Amino acid sequence: MLRVALSQFTAHSRRFVAVGLAVMLAVAFLSTTLMVNASTSASLGASLGEAYKKADLVVVPNGDGLDQSALDAVTGTAGVGSTYGSQRIPASFTARGEEVVGLVRNLAPESLESAVLTEGTYPGTPSDIAIDATTAQRLGIKTGDTLALQAMDGPTTLSLQVTGLLRPSADPFSAALPQLLALSPTVGTLAAGETSLDSIQLTALPGTDAGQLKEAITSSMGATGQSGATVRTGDEQVTYQVASMTGGQDQLTGILLAFAAVALVVSGLVVSNTFAVLVAQRTRELALLRCLGAGRNQVRNSVLAEALVVGFVSSVLGVLAGTGLMAGLVSWAASQPDRQFATLAVPPSAIIAGLLAGVLLTVAAAYVPARAATAVAPLAALRPADDASLANTKGKLRLVLGLVALIVGVPLLVIGAVQGQLVIGFGGGLLSFLGVLMCSTLFVPRLVSLVGRLAAPAGVPGRLAALNSVRNPGRTSVTAAALLIGVTLVTLMMTGAASSRTAFDQMLAKNYPVDLAVTLPSPVPPEGAEPATSGLTTAQRDAVRAISGVSEAELLPIVGQLDVDGASTPVYAIPAANAAALLRDQSLAVEPGKIYLPEDSASGPATVTGGTASLDLDAVVLEARGLPPFISMETAQPLLDGTTTGAGDALWIGLGESDKKLSGDDIREIQSSVAQALGVPESAVGGAALERVTFNEIIDVLLLVVTALLAVAVVIALIGVANTLSLSVLERTRENSLLRALGLTRGQLRTMLALEAVLVAGVAALIGAALGSMYGWLGAMSALGSVATVAPSIPWLQLLAVLGVAVMAGLLASVVPARRAARLSPVEGLATT
């Protein structure tokens, strides 16, 4: 029987190539998806965790910064190797006639330094400094130049020589400002001798247990009164920062894990469906072996041996293909500007899981039909098997199980989406989709027959194509299942990625509603006095509007003051109509009678005083950070005694939708141009555009990897439908030959098979698109619903493209078998066993 099994590879190589390709692509899909999770963590570590990528442990303060005594306590702990207390302070310097504010960090020991040199050397003396290459290129700074660095909080000025250029940081919290690197004494001089450390990094001596070292460091710091700190590993700190960005949950990784789980289940269904049809085609052949004396176990084991060989070879090729795909994708992403942090990671789990899944899925898919073929008497197996329908027990059981899966799965899916519970939502989605597949025999053939009326103008071939769908509903359902699974998966990922992208944009818009802002220290006019002449004019505003990349700019005068914890805070005013064009948060409408306060402000009524009037306003606390209190210009009129002003104390700038195409360097150029147009230091031009673009770059890399998997899913769907259609046509050789004998021409036969394939593919694609859109939206709600409002975002053009590809796939899949059937003479076809 082993020789019989091996002979199948030469006698029916075409069959095994088809199923092997399906297995290979499914394994490639699974392995690539698992690599996404590891590459996501590596990419996040290369961006958010760039500052401590060489550290074994990181000590971070829970409130105020750490001091020198904390560093001494950590250094003196047993088991600690190198230590580094990170100190960052802002400082300004002048280049090309403009004042620039940068962030100066002290140089770490070689074993802990994260900055990478692109040119020159690290600072070696207190009079040396290094600067990031992007800032150096923008400002025309070269190694050997001298920078006059001035402390922001004091008169200290240092003349420092540029010794090296650094690779720009991918950390979004550091990339907003020019990055400078100097020795600790230099930073200490600029800080006027104060030592406030934002973190302490350390390496552990060989053989030191990380958990015990954590406890020892915590104990040492507590003995010196430094108890307000947390000790984490580098990976734990990355996870913590990601969680802080997403409302306390690592939503990005959760979404990718959900995609991995979906990929595993759906890939298994595609492979199982394809191999089941292949083995079902050989049921009569297996039964004939039984008639010739082969035992049940021999026949079953020969089929399983075939599946084992196909599964192993295809799985190895699938893992290699997935690794190559992921490597190419990450390499391309890393070559793009501001995406150098994209990092490839191939965990052993991706290789092992791919090989095991491919082999086990193939063997399991072959076991069920092989067992069914050998479980009956040989002569009985030579007769055609009954398809599952309501007329037999098999069909009734299938229907009952499918309905139970739907009744249980749909409510779980909805509950998971409403409550933002990913595990519940995924389980419900999986159950409901299995229910749809099990019940597909009931509705897919009828839908194909209904749509088949559109083929009536084709005459006899059109009517026969529609009748074939209901005459053999099992065959129609199996043919449609492969494409239904593929299109559902593709549409799910498309809709899920689009909805997630929209949700992320909304979250960033709420946190960073104003792109750029210029604020001048203009005082509020004393009570009873006329408003003072503000520092920014309409001419300056118009000059800013003319800058390339700026879509809108508006002046905001100070119209009053608000008492916050005993201190007066300026209140600004903006015309309500202009606010809509400037604020990123489209749900935020500046309404009369309300004052808008930044995050963590006290809610409730607020009193604004200015001039001779005061206003009691309803406070609206925003999720945004860094915004000053503001009201609408219409609300502010009583504070201005009915007058209007053509000047302002602040300028808000919008970059419009075009900022999605702007890089960090482009935004820095806009900041520099704004500073020149207004005649203010570049440090006065703040805002969140740079931070938002940096976060968007990270999100885009992650979603890009997931979206790239769509191509693999499409190919899996095409292989599945091609297999099932080809085997279906081969199974109907005698039937087609009988039609030829009754007068059907070759052209009519080809037309009938092509129309049947198009009808089945079209109905399967429509059902899959509807299901995938629903699953994608509800899945995104399950993953992100707890931190953001997820509205359905359906990429219609991509969806239409998928439908077109699905229909063309059905048509192309029918060409070769239809041509073969048409060339076969009726007599020869009727003689086929």
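Keep in mind the model is a prediction, meaning the values are calculated, not measured.

S.K.: Explain the overall build of the protein to me, please; I cannot follow it from the model alone.
M.R.: From N to C terminus, the protein includes 26 helices and 23 strands. When each of the 833 residues of the protein is scored for burial, the buried share is 51%. Within the structure as shown, the protein displays about 35,500 Å² of accessible surface, and the carbon and sulfur contribution to it stands at 61%.

S.K.: Explanation requested: the pairing of strand β8 (residues 157-166) in the structure shown.
M.R.: Side chains on a regular strand alternate between the two faces of the sheet. With seven of 10 residues buried, β8 lies mostly within the body of the structure. Here strand β5 (residues 117-120) pairs with β8 via three bridges, running antiparallel. Residue pairing in the sheet places glutamate 119 in a bridge with leucine 165 of β8. In this sheet, β8 lies alongside strand β6 (residues 128-132) in parallel orientation, the contact comprising five bridges. Directly across from alanine 130, in β8, lies its bridge partner glycine 164. Strand direction decides the pairing type here: strand β7 (residues 146-151) and β8, joined by five bridges, are antiparallel. Looking at the pairing, glutamine 150 lines up with threonine 157 of β8.

S.K.: Help me understand helix α18 (residues 538-545) in this model?
M.R.: Within an α-helix, residues lying three or four positions from one another point in the same direction, as the helix has 3.6 residues per turn. When we look at burial in α18, the residues that qualify are Gln540, Arg541 and Val544. End-on view of α18: buried residues confined to an arc of 105°, all on one side of the axis. Residues of α18 that are buried make contact with β13 (536-537), β14 (552-556), β22 (650-654) and α21 (664-678).

S.K.: How should I be thinking about the sheet that holds strand β23 (residues 685-686) in this particular structure?
M.R.: Either a parallel or an antiparallel arrangement is found when strands of a sheet pair, and the pairing is made through backbone hydrogen bonds. A sheet is described by the order of its strands in space; here four strands give the open sequence β14-β22-β12-β23, paired in antiparallel fashion. This sheet does not close on itself; its edge strands, each paired only once, are β14 and β23. Bridge analysis of strand β12 (residues 516-519) against β22 gives four bridges, and the strand direction is antiparallel. When the sheet's bridge partners are listed, alanine 517 is paired in β22 with tryptophan 652. Here α18 sits on the sheet in contact with β14 and β22, set at roughly 160° to β14.

S.K.: How should I be thinking about the sheet that holds strand β1 (residues 57-61) in this particular structure?
M.R.: Sheet architecture is open: four strands sit in the order β2-β10-β1-β11, paired in antiparallel fashion. Among the strands making up the open sheet, the edge pair consists of β2 (80-86) and β11 (229-233). Ignoring which end each strand starts from, the neighbouring axes of this sheet average 20° apart. Sheet analysis places β1 next to β11, joined by five bridges and oriented antiparallel. Paired with valine 58 across the two strands is arginine 232, which belongs to β11. Lying on the sheet, helix α3 (residues 68-75) is in contact with β1, β2 and β10 (199-204); it crosses β2 at an angle near 165°.

S.K.: Looking at this structure, I do not really get helix α6 (residues 210-223). What am I missing?
M.R.: When the terminal C-alpha atoms of α6 are compared, their 20 Å separation across 14 residues agrees well with the 20 Å that a helix rising 1.5 Å per residue should span. Every buried residue of α6 is accounted for by Leu213, Lys214, Ile217 and Met221. Summarising the axial view, the buried residues of α6 lie within an arc of 105°, below the 170-degree limit, and thus occupy one face. Along α6, the residues that are exposed and aim more than 90 degrees away from the buried face are Gln212, Glu215, Ser219 and Ala223. Structurally, the start of α6 carries an N-cap: the backbone nitrogen of glycine 211 is 3.1 Å from a side-chain oxygen of aspartate 209.

S.K.: What is the right way to look at the side chain of arginine 138 in this model?
M.R.: Structurally, arginine 138 can be placed in helix α4 (residues 133-139). The exposure class assigned to arginine 138 is buried, which follows from its relative accessible area of 11%. Sequence-distant contacts of arginine 138, that is, excluding residues within four places in its chain, are made with Arg96, Pro178, Arg668, Glu669, Ser672 and Glu682.

S.K.: Mind showing me how you'd approach the packing of helix α14 (residues 422-438) against helix α24 (residues 746-784) here?
M.R.: The description of two packed helices rests on the angle between their axes and on the distance between the axes. Between α14 and α24, whose axes approach to 8 Å, the crossing angle comes to 165°. On the basis of their axis angle, the class for α14 and α24 is roughly antiparallel. Taken as a pair, α14 and α24 cross one another with a handedness that is right-handed. Within the contact between the two elements, α14 uses Leu422, Gly425, Gly429, Ser432, Phe433 and Val436 and α24 uses Leu771, Tyr775, Gly779, Ser782 and Ala783. Tallied by class, the residues present in the contact of α14 with α24 amount to six nonpolar, five polar and no charged.

S.K.: Which parts of the structure should I look at to understand the pattern of salt bridges?
M.R.: It is possible for side chains bearing opposite charge to pair when their charged atoms get close. This model, assessed by the stated rule, comprises 10 salt bridges. Across the pair glutamate 113 and arginine 105 runs a salt bridge, and its minimum N-O distance is 2.6 Å. On the basis of relative accessibility, which here comes to 4%, the residue glutamate 113 falls in the buried class. A salt bridge links arginine 541 to glutamate 554, with the shortest nitrogen-to-oxygen separation between them at 3.8 Å. Note that arginine 541 is positioned in helix α18 and glutamate 554 in strand β14, a separation of 13 residues in sequence.

S.K.: What exactly am I supposed to notice about the packing of helix α15 (residues 440-451) against α24 here?
M.R.: At their nearest, the axes of α15 and α24 sit 9 Å apart, and the two run at 120° to each other. α24 is crossed by α15, and the crossing has right-handed handedness. Taking contact as the criterion, the partners of Phe443, Val444, Leu447, Val448 and Val451 in α15 are, on α24, Leu759, Val760, Val763 and Ile767. Residue composition of the contact of α15 with α24, by class: nine nonpolar, no polar and no charged.

S.K.: So what exactly am I meant to see when it comes to the confidence of the model for the protein here?
M.R.: Low-confidence regions, as indicated by low pLDDT, have predicted coordinates that should not be scrutinised in detail. For the protein, the average pLDDT comes to 77, and 75% of its residues sit at 70 or higher. Taken element by element, the protein is modelled with least confidence in helix α12 (residues 378-381), mean pLDDT 55, and with most confidence in β6, mean pLDDT 93. Counted against residues more than four places away or in other chains, residues 246-250, with its pLDDT under 50, gives 10 contacts. Counted against residues more than four places away or in other chains, residues 522-533, with its pLDDT under 50, gives 13 contacts.

S.K.: In this structure, what is going on with the environment of alanine 148? I would like to understand it.
M.R.: Summarising the element assignment, alanine 148 is placed in strand β7. Exposure remark for alanine 148: the relative accessible area of 46% places this residue in the partly exposed category.

S.K.: Mind showing me how you'd approach the packing of aromatic side chains here?
M.R.: We describe a pair of aromatic rings using the distance from one ring centre to the other and the angle between the two ring planes. The full count for this structure, using the stated rule, is three aromatic pairs. On the numbers, 6.2 Å between centres and 85° between planes, the contact of phenylalanine 433 with tyrosine 775 is edge-to-face. Residue phenylalanine 433 is found in helix α14, and its partner tyrosine 775 is found in helix α24; the two are separated by 342 residues along the sequence. Here phenylalanine 433 falls in the buried class, since its relative accessible area comes to 6%. Ring plane angle 20° and centroid distance 5.3 Å describe the contact between tyrosine 596 and phenylalanine 630, whose orientation is recorded as stacked. Of the two residues, tyrosine 596 sits in strand β17 (residues 594-597) while phenylalanine 630 sits in strand β20 (residues 630-632), which places them 34 residues apart along the sequence. The structure contains a cluster of three or more aromatic residues connected by ring pairs, namely Tyr596, Phe630 and Trp652.

S.K.: Looking at this structure, I do not really get the nonpolar core. What am I missing?
M.R.: Nonpolar side chains in soluble globular proteins tend to be buried together. In this structure, Leu749 and Leu771 are the most contacted members of the largest nonpolar core, which totals 49 residues. Secondary-structure elements contributing two or more residues to this core are α13 (393-419), α14, α15, α17 (473-511), α24 and α25 (796-823). Those residues in contact with leucine 771, other than ones at most four positions away along the chain, are Phe433, Val436, Leu484 and Thr488.

S.K.: Any chance you could explain the side chain of serine 782 here in plain terms?
M.R.: Of note, serine 782 is situated in helix α24. Only 3.3 Å separates the side chain of serine 782 from the backbone nitrogen of alanine 417, close enough to count as a polar contact. The contacts of serine 782, once residues within four sequence positions are left out, are Gly416, Ala417, Gly420, Gln421, Leu422 and Gly425.

S.K.: I would appreciate a short explanation of a positive patch on the surface in the present structure.
M.R.: Judged by side-chain charge, Arg746, Arg750, Arg819 and Arg823 come together as a positively charged surface patch. Taken together, the elements giving at least two residues each to the positive patch come down to α24 and α25. For arginine 750, the position within the fold is in helix α24.

Analysis parameters
- Sequence positions are assigned chain by chain, starting from 1 and proceeding in written order.
- In view of the model being predicted, local features appear only for residues whose pLDDT reaches at least 70, and side-chain atom pairs are presented and counted only at 80 or more, with totals across whole chains, interfaces and linings using the full set of residues.
- In computing side-chain values, all of the structure's heavy atoms are included and hydrogens and water are not.
- Counting from the N terminus, the helices are DSSP H or I runs at least four residues long and the strands are E runs at least two residues long.
- Burial classes: relative accessible area under 20% of the type maximum marks a residue as buried, over 50% as exposed, and values in between as partly exposed (1.4 Å probe, protein chains only).
- Methods summary: accessible areas were calculated by the Shrake-Rupley approach with a probe of 1.4 Å, and residue burial reflects only the protein chains presented.
- Strands qualify as paired when DSSP identifies two bridges or more between them.
- Note: the arc covers the axis-to-C-beta directions of the helix.
- Contact criterion: two residues are considered in contact whenever any of their non-hydrogen atoms come within 4.5 Å of each other.
- Note on definitions: angles span 0 to 180 degrees between N-to-C directions of axes, and those axes are lines fitted to C-alpha atoms, for helices only across the stretch in contact.
- In this scheme, a helix's expected span is set at 1.5 Å multiplied by one less than its residue total.
- Pairing of N or O atoms within 3.5 Å defines a polar contact, subject to two protein rules: one partner must be a possible hydrogen donor and the other a possible acceptor, and residues neighboring in sequence count only if both atoms are side-chain atoms.
- With respect to orientation, any angle under 35 degrees is reported as roughly parallel, any angle over 145 as roughly antiparallel, any angle of 65 to 115 as roughly perpendicular, and every other angle as oblique.
- Crossings are classed by handedness, with left-handed meaning an anticlockwise turn of the near helix from the far one by less than a right angle and right-handed meaning a clockwise turn.
- Only Asp, Glu, Lys and Arg are considered charged, only Ala, Val, Leu, Ile, Met, Phe, Trp, Tyr, Cys and Pro nonpolar, and every remaining residue, Gly among them, polar.
- What counts as a salt bridge is simple: a side-chain nitrogen of Lys or Arg found within 4 Å of a carboxyl oxygen of Asp or Glu.
- Confidence of the predictor in every single residue is expressed as pLDDT, which spans 0 to 100.
- For this analysis, a ring pair means two rings from Phe, Tyr or Trp (six-membered ring only for Trp) whose centres lie within 6.5 Å, classed as stacked if their planes differ by under 30 degrees, edge-to-face if by over 60, and tilted for the remaining angles.
- Each nonpolar core is a collection of buried residues, namely Ala, Val, Leu, Ile, Met, Phe, Trp, Tyr and Cys, held together in the definition by side-chain atoms within 4.5 Å.
- Residues form patches when they are more than 30% accessible in relative terms and have no salt bridge. Like charges link within 9 Å. Nonpolar side chains (Val, Leu, Ile, Met, Phe, Trp, Tyr) link within 5 Å.
- Note that His is not counted, nor are the chain ends; the positive residues are Lys and Arg, and the negative ones are Asp and Glu.
- Charge positions are represented by NZ for Lys, CZ for Arg, CG for Asp and CD for Glu.

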